[in-house]
Number of protein chains: 2
Amino acid sequence: MRYIQRAEYGVRPTTHIDEDDPLFVQAIARALQVLSVFHESGKPLTLNEIGAAAGVGKSAAQRVVHTLRQLGYIERDANDRGYVPGIRILDHARDYLRLNPLVARASPVLMELRRNARERVDLSLRDDLRLIYAARLQSKRETFFATLIGQSVPIYCTSGGRAIMAHMGDAEVDDIIARSDRREITPKTITDPDQIRAKVREAREHGYALALEEILQGEIAIAAAILAADGTPLGAIHIAGSLSEWDADTFCRRFAPLVGEAAGAINRF
Amino acid sequence: MRYIQRAEYGVRPTTHIDEDDPLFVQAIARALQVLSVFHESGKPLTLNEIGAAAGVGKSAAQRVVHTLRQLGYIERDANDRGYVPGIRILDHARDYLRLNPLVARASPVLMELRRNARERVDLSLRDDLRLIYAARLQSKRETFFATLIGQSVPIYCTSGGRAIMAHMGDAEVDDIIARSDRREITPKTITDPDQIRAKVREAREHGYALALEEILQGEIAIAAAILAADGTPLGAIHIAGSLSEWDADTFCRRFAPLVGEAAGAINRF
DNA sequence: CGTGCCGTATCGCTGTACGATACAATCGTA
DNA sequence: TACGATTGTATCGTACAGCGATACGGCACG
């Protein structure tokens with residue numbers, strides 16, 4: 001059996017355990033800490049591995065896993081070789097998407113956009129330094145795992161991220177750049193602060209942002225931001241295509257109006 | 001702002017709180033109980049509503065919500081009118097899908113199937129009395145909300161469910177029928193035990209199962225089961241189309257071979 | 001056939017989480 | 001603009017839930 005191992009670029013926020021907040025229930029934190037261990041793992045985990053990775057003792061891991069298992073949030077692996085996340089998690093994912101007003105507003109627009117563009121169309125939501133994909137309408141080309149809901153990418157080096165930063169003040173942009181763990185995900189990833197700022201300025205002028213192979217070799221993506229009523233950027237719409245079928249200029253000329261229009265439609269309700 | 005209200009047919013298992021298991025951490029159970037409150041709700045909830053619905057006091061709700069909020073599993077609604085599930089949930093959903101070997105095996109086959117069938121293609125996984133959609137490749141027609149990952153449907157009245165029951169013994173089928181809350185979701189939903197059993201026998205003979213408008217008006221679905229190495233049915237592959245474009249016979253003749261082939265490909269690795 | 005490491009079970013002590021209650025801020029109605 | 005209902009927030013002493021060290025049996029590996 002094969003397990004998908006694709007890394008997540010370490011952009012996930014490390015849940016910093018809160019000191020002595022009298023309302024903070026650490027048993028809950030431990031439970032979610034344990035569940036989060038799977039973020040870093042590409043395979044089923046044993047009790048000891050879970051305990052070690054979560055930074056809790058073996059006994060704690062035992063209790064937590066036992067409890068989560070009763071409730072369906074953790075399962076034994078099919079061949080009894082460790083634990084994996086449980087199916088009940090999907091129930092909550094559905095709740096999240098269903099109750100997120102942005103997703104609700106965006107989804108008909110996305111469908112329409114997908115029909116017109118005939119390329120992959122994504123909706124991503126901002127979570128501090130990263131973007132999390134909340135809706136994905138794939139083209140014929142991709143594999144399912146390349147387009148998982150819940151996948152996350154850094155803000156600093158993505159089209160969507162730059163579209164978002166374009167709607168922020170310089171100070172906030174600098175803060176994001178500074179706090180981001182900027183690594184070269186591909187050889188083309190832009191990690192230099194000044195270059196990033198230049199890209200953001202470019203996005204401000206054009207009203208959309210572009211990224212070329214910064215996350216995935218051969219992929220070109222264009223994005224426009226989605227804004228709250230007060231102008232705060234909350235997420236982005238993306239169109240992604242393959243450089244084997246498009247050159248950057250043509251791609252841009254063709255899809256910039258579409259993605260801009262779609263974002264506009266969402267922003268003014 | 002509109003919130004999606006579509007009911008879930010009450011098939012979700014009620015987490016029965018375990019009596020006095022010495023390893024059971026009830027603080028964790030309470031937390032997930034609180035999160036699960038959103039399953040039944042179509043709108044943001046206040047602290048009091050959460051406390052009431054989860055069957056815990058207001059103080060408990062306060063602590064739990066506070067904690068989950070710190071960790072990103074609950075958020076304030078955009079217009080400050082209550083709480084909604086938080087985005088961190090999506091991280092876990094991704095983990096689940098990524099680590100589920102069935103999803104991994106099925107996904108390339110599903111993509112291929114979607115290309116050939118040009119109708120909606122789904123993968124669902126069994127959870128006791130219900131099927132939960134784990135992968136959905138929509139056609140042009142649907143809205144995004146009609147095809148959410150995590151949506152669940154009952155086994156007793158769906159094509160996928162009957163495809164699964166076809167691979168069970170009669171006793172187990174009867175048990176499922178007995179324990180299911182059989183309600184008419186549409187006027188066409190089959191709820192009579194004998195008729196269900198007949199449909200299951202039919203599925204056994206054909207190797208695939210059919211359902212006509214039992215969940216959604218105007219929808220026809222065909223499904224084949226996915227099996228573990230020992231023959232236990234774990235889930236199903238579906239193809240779903242619209243009766244405005246297909247009559248049942250044609251649909252069946254066209255897609256039965258495709259869905260059977262796909263399921264076969266998955267079953268023998 | 002032994003030796004790891006797996007998951008499971010046990011058991012007193014301590015400190016965590018409990019829930020009643022009181023407070024503050026906000027909304028919406030008149 | 002003032003009111004009353006409902007929201008989220010803060011406090012506090014006590015009981016018991018969860019802590020973690022440790023010990024057990026079993027399965028899979030060499």
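Not measured: the values here are computed from a predicted model. (Residues numbered from 1 in each chain as written. Chains lettered and ligands numbered in written order. Predicted model: local features only at pLDDT ≥ 70, side-chain atom pairs only at ≥ 80, totals over all residues. Heavy atoms only, no water.)

1. Details of the protein's contact with DNA strand D
Moving on, step 1. Of all residues adjacent to DNA strand D, which total 17 residues, the nearest are Arg-30 and Arg-63 of chain A together with Leu-47, Asn-48 and Gln-62 of chain B.
Moving on, step 2. Backbone atoms, meaning sugar plus phosphate, form 57% of the atoms of DNA strand D positioned within 4 Å of the protein.
Moving on, step 3. Taking Asn-48 of chain B, its side chain carries an N or O atom lying 2.5 Å from a phosphate oxygen of DNA strand D.
Moving on, step 4. The separation between a phosphate oxygen of DNA strand D and a polar side-chain atom of Arg-76 of chain B is 3.0 Å.
Moving on, step 5. Residues belonging to the surface near DNA strand D are distributed by class as follows: 6 nonpolar, 5 polar and 6 charged. (Near = heavy atom within 4 Å. Polar contact = N/O pair within 3.5 Å; in protein donor to acceptor, adjacent residues only side chain to side chain. Nonpolar A, V, L, I, M, F, W, Y, C, P; charged D, E, K, R; others polar.)

2. What to know about the UniProt feature "domain: HTH iclR-type" (unreviewed entry) in chain A
Moving on, step 1. In this structure's numbering, the residues bearing the UniProt feature "domain: HTH iclR-type" (unreviewed entry) are residues 25-87 of chain A.
Moving on, step 2. Helix makes up 52% of residues 25-87 of chain A and strand 10%, with an end-to-end C-alpha separation of 25 Å. (UniProt positions renumbered as here; feature names shortened; annotations may be inferred. Helix = DSSP H or I, 4+ residues; strand = E, 2+ residues; numbered from the N terminus.)

3. Comments concerning the domain arrangement of chain A
Moving on, step 1. The assigned domain composition of chain A is domain 1 (1-88) and domain 2 (100-267).
Moving on, step 2. Computed from C-alpha coordinates alone, the two centres of domain 1 of chain A and domain 2 of chain A are separated by 30 Å. (Domains from an automatic or database assignment.)

4. So, the packing of helix α1 (residues 26-36) of chain A against helix α3 (residues 58-71) of chain B
The relative placement of two packed helices is expressed as an angle between their axes plus a distance between the axes.
Moving on, step 1. Direction vectors running N to C along α1 of chain A and α3 of chain B enclose 40°, while the axes themselves pass 9 Å from each other. You can see that α1 of chain A and α3 of chain B cross each other, and the crossing is right-handed. Contact residues: Ile-28, Ala-29 and Leu-32 of chain A in α1 of chain A; Val-64, Thr-67, Leu-68 and Leu-71 of chain B in α3 of chain B.
Moving on, step 2. When grouped by side-chain class, the residues that make up the contact of α1 of chain A with α3 of chain B number 6 nonpolar, 1 polar and no charged. (Axes fitted to C-alpha atoms, helices over the stretch in contact; angles between N-to-C directions. Left-handed = near helix turned anticlockwise from the far one by under 90°. Contact = heavy atoms within 4.5 Å.)

5. Notes on the relation of the copies chain A and chain B
Mapping between the two copies of the chain is achieved by a rotation about an axis and a shift along the axis.
Moving on, step 1. Of the two same-sequence chains, chain A is brought onto chain B (RMSD 0.1 Å, axial shift 0.0 Å) by a rotation of 180°. Considering both components of the superposition, the chain copies are consistent with a two-fold axis. The C-alpha atom lying nearest the rotation axis in chain A is that of Ile-28 of chain A; the distance is 2.6 Å.
Moving on, step 2. When you check the interface residues of chain A against chain B, 100% turn up at the interface there too, and the contact is symmetric in its surfaces. (Least-squares fit on C-alpha atoms with pLDDT ≥ 70 in both.)

6. Remarks on the protein's contact with DNA strand C
Moving on, step 1. Residues in contact with DNA strand C amount to 17 residues; listed here are only the nearest, Leu-47, Asn-48 and Gln-62 of chain A together with Arg-30 and Arg-63 of chain B.
Moving on, step 2. Atoms of DNA strand C within 4 Å of the protein belong to the sugar or the phosphate in 57% of instances, the rest to bases.
Moving on, step 3. In this structure, a base nitrogen belonging to DNA strand C sits 3.0 Å away from a side-chain N or O atom of Ser-59 of chain B.
Moving on, step 4. Between a phosphate oxygen of DNA strand C and a side-chain N or O atom of Arg-63 of chain B, the distance comes to 2.8 Å.
Moving on, step 5. Considered class by class, the residues forming the surface near DNA strand C number 6 nonpolar, 5 polar and 6 charged.

7. Brief notes about the layout of surface pockets
Moving on, step 1. The volume enclosed by the second largest pocket comes to roughly 890 Å³.
Moving on, step 2. Residue assignment for the lining of the second largest pocket shows that the elements contributing at least two residues are β1 (74-76) and β2 (83-85) of chain A together with α4 (88-99), α5 (101-117), β3 (120-127) and β8 (233-242) of chain B.
Moving on, step 3. Across the lining of the second largest pocket, the residue classes tally to 18 nonpolar, 5 polar and 8 charged. (1 Å grid on protein atoms, 1.4 Å probe; cavity = no way out; pocket = protein on both sides within 12 Å on 5 of 7 lines; lining within 4 Å. Points joined across faces, edges and corners; volume = space filled by probe spheres on them.)

8. Focus on unusual backbone geometry
Moving on, step 1. Its identity as a non-glycine residue notwithstanding, Glu-213 of chain A has a phi of 55°, on the positive side.
Moving on, step 2. Position of Glu-213 of chain A relative to the elements: it lies in the loop between β6 (209-212) and β7 (219-227).
Moving on, step 3. By relative accessible area, which is 13% here, Glu-213 of chain A ends up buried.
Moving on, step 4. In the Ramachandran plot, Asp-128 of chain B falls in the positive-phi region, its phi being about 55° despite a non-glycine side chain.
Moving on, step 5. By the element assignment, Asp-128 of chain B lies in the loop between β3 and β4 (130-137).
Moving on, step 6. With a relative accessible area of 34%, Asp-128 of chain B lands in the partly exposed category. (Buried < 20%, exposed > 50% of the residue type's maximum accessible area, 1.4 Å probe, protein only.)

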